[in-house]
Number of protein chains: 2
Amino acid sequence: MLKKEKIPKVTIQRMAVYLQMLEELEEEGEEVVSSTRLAELCGVNSSQIRKDLAYFGEFGVRGVGYYVRDLIASIKHFLGIQKVWNCAIVGIGNLGRAILRYKDLSKKGYKIVGAFDCDPFKIGERVGDLEIICTRRLKEKAKDLNIKIGIITTPPNRAQRAANHIVEAGIKAIVNFAPTRIQVPDDVIVDYVDFSTHLIYLSFSLSNLGK
Amino acid sequence: MLKKEKIPKVTIQRMAVYLQMLEELEEEGEEVVSSTRLAELCGVNSSQIRKDLAYFGEFGVRGVGYYVRDLIASIKHFLGIQKVWNCAIVGIGNLGRAILRYKDLSKKGYKIVGAFDCDPFKIGERVGDLEIICTRRLKEKAKDLNIKIGIITTPPNRAQRAANHIVEAGIKAIVNFAPTRIQVPDDVIVDYVDFSTHLIYLSFSLSNLGK
DNA sequence: ATTTTTTTGTGAATTTTTTCTCAAATGGAG
DNA sequence: CTCCATTTGAGAAAAAATTCACAAAAAAAT
Ligand SMILES: NC(=O)c1ccc[n+]([C@@H]2O[C@H](COP(=O)([O-])OP(=O)(O)OC[C@H]3O[C@@H](n4cnc5c(N)ncnc54)[C@H](O)[C@@H]3O)[C@@H](O)[C@H]2O)c1
Ligand SMILES: NC(=O)c1ccc[n+]([C@@H]2O[C@H](COP(=O)([O-])OP(=O)(O)OC[C@H]3O[C@@H](n4cnc5c(N)ncnc54)[C@H](O)[C@@H]3O)[C@@H](O)[C@H]2O)c1
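Right, let's walk through the structure included here.

## Details of the interface of chain A and chain B
Right, so step 1: Across the boundary between the two partners, chain A contributes 58 residues, which contact 58 residues of chain B.
Right, so step 2: Buried area between chain A and chain B, summed over both chains or domains, comes out near 5,500 Å², and the portion from carbon and sulfur atoms is 73%.
Right, so step 3: Our count for the contact surface shared by chain A and chain B stands at zero salt bridges.
Right, so step 4: On inspection of chain A and its partner chain B, the count reaches 14 residue pairs in polar contact (both at pLDDT 80 or more).
Right, so step 5: Elements that contribute at least two residues to the side of chain A that touches chain B include exactly helix 1 (9–27), helix 4 (68–79), helix 5 (94–100), strand 7 (149–152), strand 8 (173–176), strand 9 (189–192) and helix 9 (195–207) of chain A.
Right, so step 6: In terms of residue count, helix 9 of chain A provides more of the side of chain A that touches chain B than any other element does, 13 residues in total.
Right, so step 7: Residue composition of the side of chain A that touches chain B, by class: 36 nonpolar, 13 polar and nine charged.

Here it is as structure tokens:
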């Protein structure tokens, strides 16, 4: 079913958007949706959607469209989010706490099972269901808790150190919220969430309206 | 100097990364950097950097490279971030508060000047320097405070309503943290910051390692 | 039963983005 | 002053992504 062809990152990102919209449609009781309708809702071209889906297989019915429920299940399946992914947060400051309290994450298949910080005054403190643990114990905990994804929310000048701990712990995927690039071995995947990049895009666009 | 050609969004996004790295280099006392070196640090191809910069003009010296200080200034200038942009946050929950307390934002040229929520129990409460104001007063405040960017951190089912208030207030740029698409007039720019999209990319990559 | 309408899936065409190449410029060494 | 080592800027080539266009399939209408 899955073709061997490399699937572009943008396709995966759009897939996440389609999934979001499909879940909204399901909630509204829609049973079937056409690529044209979904495209409108997501702000893309309809053949974009069909091409994206074609990387993974055939999911539609000609003359009808896609069954919302089934398509959601298929997408979750091939994106690898039918099951729950255990995550650890490193750096329990403003943003780390916000993410710890972000309830909808678990609905989306991600569970924060470890909260790590290096500040002795924070270690032992409880946030929600979790106790803040010393970053040095990440390696030991990663195995016990089956942690697959590390989330960095330390200040930028500490991000590399946090990354080193995560890599040391054998975790192969990192989301980095600190606005700095980190160096990791080739077999570790890093994705950056950079708020200021988005703001910069907006300021640039505002500055160049009509040009 | 600035060519009339449309500048791709990815170029602007990479520009933000170059800027980040250049500022780190400046802090370390580096005065000159070659596109090759910068490319290595940012994890891109060196001609990518030269092509990206070419959209805006010529900034390098052949045989030498780029003067870090000057290049930073040039980039800030053409991205429109030499000046400060006033922003409003709509939805003062976990994430909204984290952003309000995010001090480095102002260093990057963005100032949160208004905090809005619709919950009567929150209105009047102080967070940092700001008092939480009723969302209905956004329009009036947007003018007084010269707000140019709206940041949505409401629950997803309230994001459209928040967007409507922002549009009503005459603000032309929105960052939406809620995991849902919003509808706005053509002259309003929306950029989405979606945490789960990043997590999905990682789970997909982990699920397909070596395929 | 046949025609019409709808909508998918996919090759082909187009557009966009990235990478390759190299002449031209610069500074330093001899 | 000439030669050599660097490195930019930009045209050409290659690769990737998007959009077009339409046959094939399914359902609805006649
Ligand atoms: N606050 C926001 O809304 C926001 C938004 C976007 C990006 N960011 C980025 O996210 C990061 C965190 O921001 P914040 O506002 O939460 O900062 P913060 O200072 O409130 O929190 C940082 C936390 O990291 C901990 N820490 C430092 N070094 C560590 C290490 N080596 N190992 C483990 N923990 C360590 C600190 O003890 C602190 O608790 C920053 O890089 C910031 O630029 C923040
Ligand atoms: N918490 C996180 O770390 C995190 C991470 C990524 C994305 N998000 C997204 O960000 C959004 C906010 O998350 P949160 O955890 O802060 O939620 P939250 O429930 O803590 O906060 C939401 C706030 O929005 C306010 N609100 C509701 N409707 C409003 C309206 N019409 N106008 C103004 N304010 C309104 C509520 O009163 C509340 O204060 C959600 O959409 C969430 O999916 C959160």
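## Some thoughts on the packing of aromatic side chains
Right, so step 1: Counted under the stated rule, the structure contains eight aromatic pairs over all chains.
Right, so step 2: On the basis of an interplanar angle of 5 degrees and a centroid distance of 3.8 Å, the ring pair of A:F56 and A:F78 is categorised as stacked. With A:F56 in the loop between helix 3 (46–54) and strand 2 (66–67) and A:F78 in helix 4, this residue pair connects regions lying 22 residues apart in the sequence.
Right, so step 3: Among the aromatic residues, ring-to-ring pairing joins A:F56, A:F59, A:F78 and B:F204 into one connected group.
Right, so step 4: Here the guanidinium or amino end of A:K9 rests over the ring plane of B:Y201, the centre of that ring lying 4.4 Å away.
Right, so step 5: Over the ring of B:Y192 we find B:R181, and its NZ or CZ is 3.7 Å from the ring centre.

## Points about the relation of the copies chain A and chain B
Right, so step 1: Between chain A and chain B, which share one sequence, the superposing operator has a rotation angle of 180 degrees and an axial displacement of 0.0 Å; the RMSD is 0.0 Å. Taken together, the rotation and translation describe the operation of a two-fold axis. Measuring from the rotation axis to each C-alpha of chain A, the shortest distance belongs to A:A98, at 3.2 Å.
Right, so step 2: When you check the interface residues of chain A against chain B, 100% turn up at the interface there too, and the contact is symmetric in its surfaces.

## So, the sheet that holds strand 9 of chain A
Right, so step 1: The seven strands are arranged 5-6-4-3-7-8-9 (chain A) in an open sheet whose pairing can be described as mixed. Unpaired on one side and paired on the other, strand 5 (126–127) and strand 9 of chain A mark the two borders of the sheet.
Right, so step 2: Here strand 4 (residues 110–117) of chain A runs beside strand 6 (residues 130–134) of chain A; their pairing, made up of three bridges, is parallel. Paired with A:D117 across the bridge in strand 6 of chain A is A:C134.
Right, so step 3: Where helix 9 (residues 195–207) of chain B meets the sheet, its contacts fall on strand 3 (85–90), strand 4, strand 7, strand 8 and strand 9 of chain A, and the angle it forms with strand 9 of chain A comes to roughly 165 degrees.

## Brief notes about the site of ligand 2
Right, so step 1: Neighbouring residues of ligand 2: 23 residues in total, closest A:Y102, B:L95, B:D117, B:K122 and B:T154.
Right, so step 2: Site remark: ligand 2 is flanked by residues from chains A and B.
Right, so step 3: Note that an oxygen atom of ligand 2 is positioned 3.3 Å from one of the backbone N or O atoms of A:I99.
Right, so step 4: For ligand 2, a nitrogen atom lies 3.4 Å from a polar atom in the side chain of B:T135.
Right, so step 5: Of all the secondary-structure elements, those providing two or more residues to the shell around ligand 2 are helix 5 of chain A together with helix 5 (94–100) and helix 8 (156–168) of chain B.
Right, so step 6: Its residues assigned to classes, the shell around ligand 2 comprises 13 nonpolar, six polar and four charged.

## Thoughts on the protein's contact with DNA strand D
Right, so step 1: Close contacts around DNA strand D come from 23 residues, with A:R14, B:S35, B:R50, B:K51 and B:Y66 the closest.
Right, so step 2: When the atoms of DNA strand D within 4 Å of the protein are sorted by group, sugar and phosphate make up 66%.
Right, so step 3: Separating a phosphate oxygen of DNA strand D from a backbone N or O atom of B:G60 is a distance of 3.0 Å.
Right, so step 4: Elements that contribute at least two residues to the surface near DNA strand D include exactly helix 3 of chain A together with helix 3 (46–54) of chain B.
Right, so step 5: With four residues, the single largest contributor to the surface near DNA strand D is helix 3 of chain A.
Right, so step 6: Each residue belonging to the surface near DNA strand D can be placed in one class, and the counts come to seven nonpolar, eight polar and eight charged.

## Focus on a nonpolar patch on the surface
Right, so step 1: A cluster of nonpolar side chains, namely A:V32, A:V61, A:V64 and A:Y67, defines an oily patch on the protein surface of about 290 Å² accessible area.
Right, so step 2: Mapped onto the secondary structure, A:Y67 falls in strand 2.

## Some points on the pattern of salt bridges
Right, so step 1: Counted according to the given criterion, the structure contains 19 salt bridges over all chains.
Right, so step 2: The partner of A:E168 in a salt bridge is A:K139, with the nearest N and O atoms 3.7 Å apart. Of the two residues, A:E168 sits in helix 8 (residues 156–168) while A:K139 sits in helix 7 (residues 138–145), which places them 29 residues apart along the sequence.
Right, so step 3: Ionic pairing is found between B:R137 and B:E140, a salt bridge with its closest N-O pair at 3.2 Å.

## Comments concerning the pairing of strand 6 of chain A
Successive residues of a regular strand alternate their side chains across the two faces of the sheet.
All names here are of chain A.
Right, so step 1: Within strand 6, four of the five residues are buried, which leaves the element mostly enclosed by the surrounding structure.
Right, so step 2: Two strands pair when backbone bridges link them, and strand 5 and strand 6 are joined in this way by two bridges, in the antiparallel orientation. Counterpart to V127 in the pairing with strand 6 is L130.
Right, so step 3: The hairpin turn running from strand 5 into strand 6, its antiparallel successor, is two residues long, and G128 in that turn takes a positive phi close to 60 degrees.

## As for the sheet that holds strand 6 (residues 130–134) of chain B
Residues and elements named next belong to chain B.
Right, so step 1: Taken together, seven strands build an open sheet; the order of strands is 5-6-4-3-7-8-9 and the sheet is mixed. Lying at the two open borders of the sheet, with one neighbouring strand each, are strand 5 (126–127) and strand 9 (189–192).
Right, so step 2: Helix-sheet contacts for helix 8 involve strand 3 (85–90), strand 7 (149–152) and strand 8 (173–176), and the interaxial angle to strand 7 is about 165 degrees.

The rules behind the values
- Within each chain, residues carry numbers counting from 1 in the order of the written sequence.
- Written order determines the labels here, with chains lettered from A and ligands numbered from 1.
- Local features are withheld for residues below a pLDDT of 70 in this predicted model, meaning they are given only at 70 or higher, and side-chain atom pairs are given and counted only at 80 or more; totals for whole chains, interfaces and linings count all residues.
- To get the side-chain values, all heavy atoms of the structure are used, and hydrogens and water are removed first.
- The contact criterion used is simple: two residues touch if any of their non-hydrogen atoms lie within 4.5 Å.
- Two parts placed together each lose some accessible area; with a 1.4 Å probe, that loss summed over both constitutes the buried area.
- One side-chain nitrogen of Lys or Arg within 4 Å of one carboxyl oxygen of Asp or Glu is enough to make a salt bridge.
- Polar contacts, as counted here, are pairs of nitrogen or oxygen atoms within 3.5 Å of one another; within protein the pair requires one atom able to donate a hydrogen and one able to accept it, and residues that are adjacent in sequence qualify only if both atoms are side-chain atoms.
- Strands are runs of DSSP state E lasting at least two residues, helices are runs of H or I lasting at least four, and both sets are numbered from the N terminus onward.
- All residues other than Ala, Val, Leu, Ile, Met, Phe, Trp, Tyr, Cys, Pro, Asp, Glu, Lys and Arg, Gly among them, are scored as polar; the first ten of these are nonpolar and the last four charged.
- By convention, a stacked pair of Phe, Tyr or Trp rings (six-membered ring in the case of Trp) has centres within 6.5 Å and planes under 30 degrees apart, an edge-to-face pair has planes over 60 apart, and any other such pair is tilted.
- In this scheme, Lys NZ or Arg CZ marks a charge over a ring once it lies within 6 Å of the ring centre and within 35 degrees of the ring normal.
- A least-squares fit on C-alpha atoms brings the copies together, and the residues used are those whose pLDDT is at least 70 in both copies.
- When DSSP finds two or more bridges between two strands, those strands count as paired.
- In this analysis an axis means a line fitted to C-alpha atoms, helices contributing only their contacting stretch, and an angle means the value between N-to-C directions, from 0 to 180 degrees.
- For this purpose, a residue is taken to be near a molecule or strand whenever a single non-hydrogen atom of the residue falls within 4 Å of it.
- A patch is a set of surface residues, each over 30% in relative accessible area and not in a salt bridge, joined within 9 Å for like charges and within 5 Å for the nonpolar side chains Val, Leu, Ile, Met, Phe, Trp and Tyr.
- The method behind every accessible area is Shrake-Rupley, applied with a 1.4 Å probe, and residues are considered shielded solely by the protein chains displayed.
- In this scheme, a residue with accessible area under 20% of its type's maximum is buried, one over 50% is exposed, and one in between is partly exposed, where area comes from a 1.4 Å probe on protein chains only.

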